[in-house]
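Breakdown of the fold
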Amino acid sequence: MADVVFDDEPDEKETRAPSSPGEPLCDEEAERAMLGSAFVDDDAINLVADILPSEDFYVEAHRAIWNAMLAVHHDGAEVDAVTLAKELTDRGQFNRCGGSSYLDSLLDARPVVPHAEEYARIIADFAWRRRLRLEVQRFGMAVSERSTTREQIERSIRRLQTTAEDTADRKS
């Protein structure tokens, strides 16, 4: 098993105050901009469809909207207000996603289609951080429980390492 190495010098991000434990790890603006980009131009979907799973979106409505956009796009249709609303309605999610007014508001973010990959990277990074935080919490609970076996703790360590290494794979 590889040793975990900690740098002595924190980078700029590490010197900022950490978010509070209850604060969501997400960037709703990036999520809205990504969805708005896909709404404006299907090229945004082509740029990121393979690297941005819906699970990476923090906001549940954004996950549903992204899945509907991918379905419309996959069917060969243009993603627009009508096709997206129909897909969401067919899935029983139109009102839960905020209806027409919310879909229209996605364009208020003034999304820039060429920035879609950057929006996707921001969303993916926060999703990775959420997964990592969850594994850290699970590890902490495993270590704290007296009934946890050494084997269970070692499995928890491997899950934590696998999750931590996931970011290196995505960024390279």
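Scroll up for the structure.
Here we summarise the structure given alongside this text.

What counts and how
- Residues numbered from 1 in each chain as written.
- Predicted model: local features only at pLDDT ≥ 70, side-chain atom pairs only at ≥ 80, totals over all residues.
- Heavy atoms only, no water.
- Helix = DSSP H or I, 4+ residues; strand = E, 2+ residues; numbered from the N terminus.
- Buried < 20%, exposed > 50% of the residue type's maximum accessible area, 1.4 Å probe, protein only.
- Contact = heavy atoms within 4.5 Å.
- Areas by Shrake-Rupley, 256 points an atom, 1.4 Å probe, with all protein chains shown as cover.
- Phe/Tyr/Trp six-rings, centres within 6.5 Å; stacked < 30°, edge-to-face > 60°.
- Salt bridge = Lys/Arg side-chain N within 4 Å of Asp/Glu carboxyl O.
- Expected span 1.5 Å × (residues − 1).

Looking at the overall build of the protein chain
Along the backbone of the protein chain there are eight helices and zero strands. The burial tally for the protein chain puts 35% of its 172 residues in the buried class. Of the contacts formed within the protein chain by residues at least 6 apart in sequence, a portion of 70% connects residues at least 24 apart. Carbon together with sulfur atoms contributes 50% to the accessible area of the protein chain, which is approximately 11,200 Å² in total.

Here we look at the packing of aromatic side chains
What the rule picks out here adds up to one aromatic pair. An angle of 40° between the planes, with centres 5.7 Å apart, marks the rings of Phe57 and Trp66 as tilted. The exposure class assigned to Phe57 is buried, which follows from its relative accessible area of 1%. Looking at Trp66, the relative accessible area reads 0%, which means it is buried.

Quick look at the pattern of salt bridges
Applying the stated criterion across every chain yields a total of nine salt bridges. Salt-bridge contacts for Arg91 lead to Glu87; the nearest nitrogen and oxygen are separated by 2.7 Å. Given the relative accessible area of 36%, Arg91 is considered partly exposed. A salt bridge links Glu135 to Arg159, with the shortest nitrogen-to-oxygen separation between them at 3.3 Å. Here the residue Glu135 occupies a position in helix H7 (residues 116–144), and Arg159 occupies one in helix H8 (residues 150–171), the gap between them amounting to 24 residues.

Observations concerning helix H4 (residues 60–74)
With 15 residues, H4 ought to run about 21 Å at 1.5 Å a step, and its terminal C-alpha atoms sit 21 Å apart, in line with that. If you check which residues of H4 are buried, you get Ala61, His62, Ala64, Ile65, Trp66, Ala68, Met69, Ala71 and Val72. Immediately downstream of H4, the backbone of Gly76 shows phi near 90°, a positive value.

Function-wise, these values are silent; they only describe arrangement.
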